[in-house]
Amino acid sequence: MQTKLWLLDRKKDLDKQLQEAAELIKKGELVAFPTETVYGLGANGLNSEACRKIFAAKGRPADNPLILHIAKLEEIIPLSSNLSASAKRMMEVFWPGPLTMIVHKSDLIPQVVTAGLDTVAIRFPSNPVANRLIALSACPIAAPSANKSGKPSPTTAGDVLADMEGIIAGVIDGGACDIGVESTIVDTTVPVPTILRPGGITLEMLEEALGAVEIDPGLIKKDQIPKAPGMKYRHYAPQAEMYLVEGPEAPEQIKKFVELAVGKGLRIGVLADKKTIDLLPDNANIVSHNWGSTKAELAEKLYIYLRRFDSEKVDLIVGEGTTEADLGLAIMNRMRKSAGHNILWAEKGKLIKQSGKTPDFLPENMLK
Ligand code: AMP
Ligand code: MG
């Protein structure tokens, strides 16, 4: 299949430029489009056949339900039933924006969208291109991230093409995504609204609007299955094995880690704070990307750097952990998953094994 690419000119009439893409969605084809979080792989969300194509294109497990995207607040009404007070409040405060709500579904929604669950995930994105595409398609658009399952989510049209060229009908190039990590998912069907996936709308923002908010224990505890089916899979993973170093002495320990890897002739990718990168020696086998100066900048660039490590052909990657305040909760959730939970804690001159693997070049006396 030839994949069409529409390069948008934001100064010109959007509707005209999106007409052909909307026609393809109406016909049951797949079109990738930008949102404020990441690029989505869109299909008519009321057409089972079209939604099945999403699972095939991504190689997505059939038990991982899709998010329906709408273009107006009131479009949630026919898709849901029994909206809770917290759901109504969240719509008011956070929509349009990077917040997905889990609500009771209506009979309109095909089984394939919800993977058989009696709830459905709904989001009203703020990106104007996404908004006009949904409106012109005249249906809710089912759209997971437009990557192959397991890979980092795409934040540019080029990333989408790298995974989906020849497989889907088209890609709308609307530039890079602002937020860079996926939407926050909140279950609104339980007595206390519960975060199933941290994202662009932070815990702090939700608490301010709603009062009590919980975090799904499955996100934190290793022995509990997450409530969002998609959160149980290895995800966001670059090709090279990745290790995450957290804790108060992360900079010094990352320096030792990198020197040992390079000493073994390995090419290593480093994603860390600028201060940590400044400690590293000059060496052609050290490929470093610095976090930037704010958490928003790190979120925006996270997947870009993880994908870049693939093209930079590194043998392994070491990432530095950050605090979990604000956007840090989403960033750390994605970094830990990218690292396949290979996590080390740096304290008291040692690297303490938390979970997953440790590389074999680390000497026993460095580990605990
Ligand atoms: P993606 O669009 O790739 O970001 O994936 C959508 C995420 O929403 C996945 O983690 C799904 O498991 C989650 N999700 C979708 N529908 C539901 C639902 N009804 N209940 C819980 N999680 C859901
Ligand atoms: Mg995804």
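Residues numbered from 1 in each chain as written. Chains lettered and ligands numbered in written order. Predicted model: local features only at pLDDT ≥ 70, side-chain atom pairs only at ≥ 80, totals over all residues. Heavy atoms only, no water.

(A) Summary view of the pairing of strand β13 (residues 241-246). For β13, a buried count of 5 out of 6 residues is recorded, marking the element as mostly surrounded by other parts of the structure. Relative to strand β16 (residues 316-320), β13 runs parallel, the two sharing 5 bridges. From the neighbouring strand, V245 faces β16, where its bridge partner is E320. Pairing geometry for β13 and strand β17 (residues 343-347), over 3 bridges, is parallel. Looking across to β17, one finds that E246 is bridged to W345. (Buried < 20%, exposed > 50% of the residue type's maximum accessible area, 1.4 Å probe, protein only. Helix = DSSP H or I, 4+ residues; strand = E, 2+ residues; numbered from the N terminus. Pairing = 2+ DSSP bridges.)

(B) Looking closely at helix α6 (residues 157-164). Most of α6 sits out of view: 6 of its 8 residues are buried. Considered for burial, the residues of α6 that qualify are A157, D159, V160, L161, D163 and M164. Where the residues of α6 are buried, they touch β1 (4-7), β2 (31-33), β3 (40-44), α2 (48-58), β9 (170-173) and α11 (295-311). Taken from the residues just after α6, G166 is the one with a positive phi, measuring 85 degrees. (Contact = heavy atoms within 4.5 Å.)

(C) Geometry of unusual backbone geometry. Here the bond from W95 into P96 is cis, since omega is -5 degrees, no more than 30 degrees from zero. For P96, the position within the fold is in the loop between α3 (85-94) and β6 (99-105). If you check the backbone angles, D326 has positive phi at about 50 degrees while not being a glycine. Relative accessible area serves as the criterion here: at 43%, D326 is assigned to the partly exposed category. Despite not being glycine, K348 shows a phi value in the positive range, around 55 degrees. Positionally, K348 belongs in the loop between β17 and β18 (350-355).

(D) Local environment of the site of ligand 1. Surveying the vicinity of ligand 1 reveals 20 residues, the closest of which are N64, T119, P144, R197 and G230. The separation between an oxygen atom of ligand 1 and a polar side-chain atom of S145 is 3.3 Å. Between G230 and ligand 1, the recorded distance is 2.7 Å, taken from a backbone N or O atom to an oxygen atom. Compared with its free state, where it exposes 500 Å², ligand 1 has 95% of that area covered by protein. (Near = heavy atom within 4 Å. Polar contact = N/O pair within 3.5 Å; in protein donor to acceptor, adjacent residues only side chain to side chain. Areas by Shrake-Rupley, 256 points an atom, 1.4 Å probe, with all protein chains shown as cover.)

(E) Structural view of α2. Inspection of α2 places A50, C51, I54, F55, A57 and K58 among the buried residues, and these make up the whole buried set. The secondary structure elements touched by the buried residues of α2 are β3, α4 (111-114), β8 (141-142) and α6. Between the side-chain oxygen at the start of α2 and the backbone nitrogen of E49 there is a gap of 3.0 Å, and the oxygen is on N47. Immediately beyond the C-terminal end of α2, within one or two residues, lies G59, with a positive phi of roughly 65 degrees.

(F) Fine view of the sheet that holds strand β15 (residues 286-290). In spatial order, the strands read β15-β14-β16-β13-β17-β18; together these 6 strands make up an open sheet with mixed pairing. Of all the strands in the sheet, just β15 and β18 have a single pairing partner and so form its edges. Averaged over all neighbouring strand pairs, the angle between strand axes comes to 25 degrees, with direction disregarded. Across the sheet, helix α12 (residues 328-338) lies against β13, β14 (268-272), β16 and β17, angled at about 135 degrees from β13, the strand it touches most. (Axes fitted to C-alpha atoms, helices over the stretch in contact; angles between N-to-C directions.)

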